[in-house]
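Chain and residue survey
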Amino acid sequence: MIRAATPSLEPVRAKVEAGVRLDAAEAEMLWDERIDLHELGALANRVRERKNGNRGFYNINTHLNPTNVCVYRCTFCAFRADLRDPRGYVMGDEQILARGQEAVDAGSTEMHIVGGLHHQKDYDWYLNIIRLLHDHYPCLHLKAWTPVEINWFQHLTKRSVREILVELRDAGLGSLPGGGAEIFHPEVRDRICEHKADTAAWFDVHRTAHSLGLRSNATMLYGHIENAFHRTDHLLRLRQLQDETGGFQTFIPLAFHPDNTRLSHIHKPTAAMSLRTMAVSRLVLDNFDHVKAYWIMLGIGTAQAALAYGADDLDGTVRHELIYHDAGATTPEVLSVEHIQRLIREAGREPVERDTLYHAVERDGTAWRSGAALQGGPLAAHD
Ligand code: V47
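Note that the structure is a prediction, hence the values are computed from the model and not measured. (Residues numbered from 1 in each chain as written. Predicted model: local features only at pLDDT ≥ 70, side-chain atom pairs only at ≥ 80, totals over all residues. Heavy atoms only, no water.)

**Digging into helix H10 (residues 228-245)**
For H10, which comprises 18 residues, the first-to-last C-alpha distance of 26 Å matches the rise-based estimate of 26 Å (1.5 Å per residue) to within 8%. For H10, every residue scored as buried is listed here: Ala228, His230, Arg231, Thr232, Asp233, His234, Leu235, Leu238, Arg239, Leu241 and Gln242. In the core, the buried residues of H10 are packed alongside helix H2 (24-29), helix H8 (186-192), helix H9 (199-211), strand S6 (215-222), strand S7 (248-255) and helix H11 (271-284). Capping the start of H10, asparagine 227 holds a side-chain oxygen 3.0 Å from the backbone nitrogen of phenylalanine 229, two or three residues further along. (Helix = DSSP H or I, 4+ residues; strand = E, 2+ residues; numbered from the N terminus. Expected span 1.5 Å × (residues − 1). Buried < 20%, exposed > 50% of the residue type's maximum accessible area, 1.4 Å probe, protein only. Contact = heavy atoms within 4.5 Å. Polar contact = N/O pair within 3.5 Å; in protein donor to acceptor, adjacent residues only side chain to side chain.)

What follows is the structure, encoded as C-alpha cells:
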C-alpha cells in the first residue's frame, strides 16, 4: 500500500505567521495525527496570544434547564426524558425564580438557559421564563435558547424567526448560547439528530439574531461518528457566517460524553483529541475572538492545558449543569472563583472575569458592574 506523504505544518505555519487565512485542504490536514500535536498547539497559542494577550477569561454563571422532557431523541443526548419517565421534570415559576435568586446571591452575571422541547408547553411558557427572570433579576444576562428551541417556537407559533427573536429580546433575552450545532454536515447530522432544526435553520437563527444586535456563540460536538472532513466543514461554515455578520463571540468545541446515550459504545475523545480540536479550531476560525475550553466536559486538567493550545476562556464557575453530568461527566458541579482563577494562573495566564458580552467585570463580593469592552464594540442592529 502506498501511504500518502507525511503532511507538513510548515506552509500552515508560514500562513499563520503572516496572518493569512487557511484554506479547506490545509484545515483538514491539521487533523492528521502525523502533524505533531504540540507544534500545532504552539502555533494556535501564538494566535490566541495575538488576539487576547495574556488574559485567561472566566465568568460567574448559573445554568437553568427548565425541563428535560423533549420531543426529540438525539442519539448523543443523555439529558432528555419522556413525559412519563420518572426522570422527567418541569420546573414551576417558583423554582425558576429561586434559581434566579441563587444565581444573584452567588454573584452570577449570567444565566445559561436551555432545555427540552416539551410538547405540552406552549411558546408563552418559554417566553415567560425569560420575562420572569428578567423582571425579577434585571442584572442577570440571560443567554438562552438555541436555534433548536427557536425553530420549535416557530413550529408552535407559525411566526418568523425575526418576530420571535424580537419578542424574546424585548422580554429580556441577552444573547444566544452556542448549542444545537452538533455537526452541520448532513452525512452526520441526519444520523445523530435527524428531526431537530437542520443546518440551514441553525444558521438562519444566528444570522437573524446578529442582524438584531444579539450576539451568540457556536459549538461543535466532536468525538462520535464524525471525521476530519465533517469537522473541517463545520468550522468553515461558521467562519463564513462570521465573515458576513461578525456576531459570534466565542467558539466552544464540545467533547462527546457517551454514558447513558444511544452511542454509549463509543469511547469518549482522549485529551490529545480534545487539545487537537482546540488548536485546529483556533487556527481555522481566524475571525472568532475567543475559543472556550468548557471545563465541565473536557475535565479540569485538559481544560487547563487547553489554555496553551488556543483556548483563552474556561467558561464559568457553572452551577446546576445537567446535560454533561447526565452523560457521565465526572467534573464537579461548580468551581469556586478562587479555583478557576488558580487554574488560569497556573497555566501562566492572568485571570480576567468577563461578562457574557466580554466586558471586564468590576466586582466587590457579589456586587458587580460591567466595565470596559474587552474586544470590539456593540453589534449594529438593523430591525
Ligand atoms: O447542543 C448534548 C451537547 C450542547 C451531550 O454558548 C453533549 O457558552 C457531549 O451548547 N456529550 C449544549 N455533549 C451545551 C452548549 C454549551 C455549553 C457551554 C457553553 C455554551 C455557550 C454552550 O451539549 C448540545 C450538544 O451539542 N451535548 N449531549 C453529550 N452526551
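**So, the side chain of histidine 230**
Within the fold, histidine 230 resides in helix H10. Owing to a relative accessible area of 5%, histidine 230 belongs among the buried residues under this scheme. Apart from residues no more than four positions distant in its own chain, histidine 230 is found in contact with Ile183, His185, Glu187 and Val188.

**Thoughts on the pattern of salt bridges**
Once the charged atoms of two side chains with opposite charge are near each other, the side chains can pair. In this structure the tally under the stated criterion is 23 salt bridges. Note that aspartate 82 is salt-bridged to arginine 80, the shortest N-O span being 2.7 Å. Look at aspartate 82 and you get partly exposed, because its relative accessible area is 33%. Linking arginine 369 and glutamate 362 is a salt bridge whose minimum nitrogen-to-oxygen distance equals 2.9 Å. Each of Glu10, Arg13 and Glu39 takes part in a single network of salt bridges with overlapping partners. (Salt bridge = Lys/Arg side-chain N within 4 Å of Asp/Glu carboxyl O.)

**Looking at the nonpolar core**
If you look at the biggest cluster of nonpolar residues, it comprises 109 residues, and the most contacted ones within it are Trp145, Leu168 and Leu238. Among the elements that line this core, the one with the most residues is helix H5 (residues 123-136), at 8 residues. Apart from the residues within four sequence positions on either side, leucine 238 is in contact with Phe184, Trp202, Phe203, Ala218, Thr219, Phe248, Phe251, Leu285 and Phe288. (Core = buried A, V, L, I, M, F, W, Y, C linked by side-chain atoms within 4.5 Å.)

**Focus on unusual backbone geometry**
Most of the time, phi is negative for any residue but glycine, and the peptide bond is trans. At tryptophan 145, a residue that is not glycine, the phi angle is positive and equals roughly 65 degrees. Examined against the element boundaries, tryptophan 145 turns out to sit in the loop between strand S4 (141-144) and helix H6 (147-157). We note that asparagine 260 has phi near 60 degrees; this positive angle belongs to a residue other than glycine. Within the secondary structure, asparagine 260 sits in the loop between S7 and H11. Residue class for asparagine 260 comes out exposed when judged on its relative accessible area of 61%.

**Focus: the site of the ligand**
Phe76, Lys143, Gly180, Glu182 and Lys292 are the nearest of the 23 residues found near the ligand. At 2.8 Å from an oxygen atom of the ligand is found a side-chain nitrogen or oxygen belonging to lysine 292. Here the ligand has 620 Å² of accessible area as a free molecule, and 95% of this is covered by the chains. When contributions to the shell around the ligand are tallied by element, the ones reaching two or more residues are S6 and S7. Looking at the shell around the ligand, its residues break down into 11 nonpolar, 8 polar and 4 charged. (Near = heavy atom within 4 Å. Areas by Shrake-Rupley, 256 points an atom, 1.4 Å probe, with all protein chains shown as cover. Nonpolar A, V, L, I, M, F, W, Y, C, P; charged D, E, K, R; others polar.)

Just distances and angles here, no functional claims.
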